[in-house]
Amino acid sequence: MAHSRRVAQLIESLAMGGAEHLAIQLAGHLAAVGCESHLIVLNGPGALSNRIDPRVHVHYLHYERASIANPIRFVISVVRGYVLVSKLVSAAKIALVQTHLPGANMWGLLLAMRRLCAVVATVHNNQEFRYTSSDSAIKVYLRKNVYRSILRRCNAVIAVSDSVKKSLQDELGVGAHLAAKIVVVPNGVPIPEPLMVGAAAPIRRRWGTPLGGHLLVGAGRLEEQKNFSDLIAAAAILKRAGTKFQLVIAGEGPLRSSLESAIARNGLGNEVHLPGVVGELPALFLAADLLVFPSLWEGLPLVLLEAMGAGLPVVGNDIDGVREIVEDGRSGRLVPAGDTEDLAAAILDALSDPERLHNWSCRAREIVATGFSFQRMGDQVFELYQQVLGDFHEPGATTP
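Summarised in this report is the structure supplied together with it. For clarity, every value in this text was computed on a predicted model and none was experimentally measured.

### What to know about the pattern of salt bridges
Right, so step 1: Following the criterion strictly, the structure yields 19 salt bridges and no others.
Right, so step 2: Note that Arg6 and Glu36 form a salt bridge whose closest N and O atoms lie 3.3 Å from each other. Taken together, the residues Arg6 in strand β1 (residues 6–11) and Glu36 in strand β2 (residues 36–41) connect sequence positions 30 residues apart.
Right, so step 3: A relative accessible area of 28% places Glu36 in the partly exposed class.
Right, so step 4: Residues joined in a network through salt bridges with shared partners are Glu327, Arg330, Arg363 and Glu366.

In structure tokens, the structure reads:
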């Protein structure tokens with residue numbers, strides 16, 4: 001096809017998040033390797049908009065889907081959204097769209113059903129069908145049926161880790177034929193250069209890190225999945241133990257007010273910070289002592305890779321998607337999910353031995369540099385595109 005190198009990333013918003021960040025990075029990488037690279041954003045500009053490579057063609061559709069609580073308005077809004085997306089794909093002659101996160105994956109399914117372009121859906125989480133603990137069984141059932149259709153209709157589905165692929169197969173109960181369409185492409189991140197000598201000190205002072213104290217970091221959306229309430233509870237234990245520390249939880253989300261209340265309730269106003277989106281997160285990772293990662297479920301978390309790539313050791317929950325990266329006792333420490341006493345004890349133990357912490361730092365950086373580089377991931381995605389486009393036929397085309 002004449003336009004076979006016109007490709008697009010489709011995502012609903014550019015709010016701060018791992019999948020959103022990945023979509024931006026992939027769009028930039030594909031532009032760099034010679035594709036006409038597009039980024040389609042259903043909403044408007046967001047927190048990550050300033051990180052888009054200038055070579056990428058960006059399209060903000062300023063669209064908002066109506067709530068399903070009003071079925072008629074919901075259907076009308078879905079039709080309007082599909083018209084916006086499909087017209088853009090057709091007008092720009094985009095040959096392949098890669099979608100990210102459940103909402104965008106469903107738009108990709110509509111494009112695939114009409115065969116307007118090749119579609120590659122992306123699954124970023126081990127828990128793709130239950131977004132919160134309060135989700136009803138009917139919602140989970142409907143989402144699973146949609147994803148079975150995605151597997152049948154889309155040209156490929158990227159899973160960001162082996163455990164994500166396994167969870168999809170197990171939850172959807174698909175056979176070998178459909179499972180073969182799930183391609184594992186592990187997330188990757190750029191490896192930052194170490195800070196210049198003395199550069200860490202002003203960053204640590206900026207966050208109020210006391211002399212001889214520790215700078216801890218948590219990062220991610222302020223939502224149930226990331227479980228920052230447990231991190232705040234562990235921080236309260238650290239304070240009672242007399243530990244000198246500052247904790248920065250970088251990110252934004254719907255649980256901000258409840259986390260602020262927990263900070264105040266535990267008397268942590270001087271130790272725990274919720275600064276929202278932190279623009280220089282890589283520098284913060286390079287200057288900090290420890291990443292604390294209490295998520296309840298994950299796929300292959302980008303922020304964890306970024307932190308380890310910066311040489312930041314990790315104390316985190318022992319869950320799929322984390323244990324695939326963190327080597328317990330070699331690059332960090334893993335603890336049972338939901339046990340704040342164990343989480344606090346692991347943090348205290350990690351901070352008690354500077355030499356071991358340094359060794360963990362070196363191993364963390366090595367793990368990411370050798371197995372999770374962004375270049376490797378970008379090359380795998382590009383190869384998959386080539387394969388998919390080679391197999392894809394426009395309506396009316398004959399199979400050779």
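### A few points about a nonpolar patch on the surface
Right, so step 1: A contiguous nonpolar surface patch, about 230 Å² in accessible area, is contributed by Val75, Val79 and Val83.
Right, so step 2: With respect to the helices and strands, the residue Val75 is situated in helix α2 (residues 71–91).
Right, so step 3: With a relative accessible area of 49%, Val75 lands in the partly exposed category.

### Things to note about the sheet that holds strand β3 (residues 57–60)
Right, so step 1: What the seven strands build is an open sheet, ordered β3-β2-β1-β4-β5-β6-β7; its pairing is parallel. Each of the sheet's edge strands pairs with one partner strand only, and the pair in question is β3 and β7 (182–184). Averaged over neighbouring strand pairs, the angle between their axes works out to 25° when direction is ignored.
Right, so step 2: Bridge count between strand β5 (residues 118–123) and strand β6 (residues 156–159): four bridges; the pairing is parallel. Each residue of the ladder has a partner; that of Ala121, found in β6, is Val157.
Right, so step 3: Contacting β1, β4 (96–100) and β5, helix α3 (residues 101–114) crosses the sheet at an angle of about 150° to β4.

### Quick notes on the sheet that holds strand β10 (residues 272–276)
Right, so step 1: Reading across the sheet, the six strands line up as β10-β9-β8-β11-β12-β13 and stay open at both edges, with parallel pairing between neighbours. Among the strands making up the open sheet, the edge pair consists of β10 and β13 (332–335). Geometrically, the sheet is characterised by an average inter-axis angle of 20° between neighbouring strands, direction not taken into account.

Reading the values: rules and limits
Residues numbered from 1 in each chain as written. Predicted model: local features only at pLDDT ≥ 70, side-chain atom pairs only at ≥ 80, totals over all residues. Heavy atoms only, no water. Salt bridge = Lys/Arg side-chain N within 4 Å of Asp/Glu carboxyl O. Helix = DSSP H or I, 4+ residues; strand = E, 2+ residues; numbered from the N terminus. Buried < 20%, exposed > 50% of the residue type's maximum accessible area, 1.4 Å probe, protein only. Patch = residues over 30% accessible without salt bridge, like charges linked within 9 Å, V, L, I, M, F, W, Y side chains within 5 Å. Areas by Shrake-Rupley, 256 points an atom, 1.4 Å probe, with all protein chains shown as cover. Pairing = 2+ DSSP bridges. Axes fitted to C-alpha atoms, helices over the stretch in contact; angles between N-to-C directions. Contact = heavy atoms within 4.5 Å.

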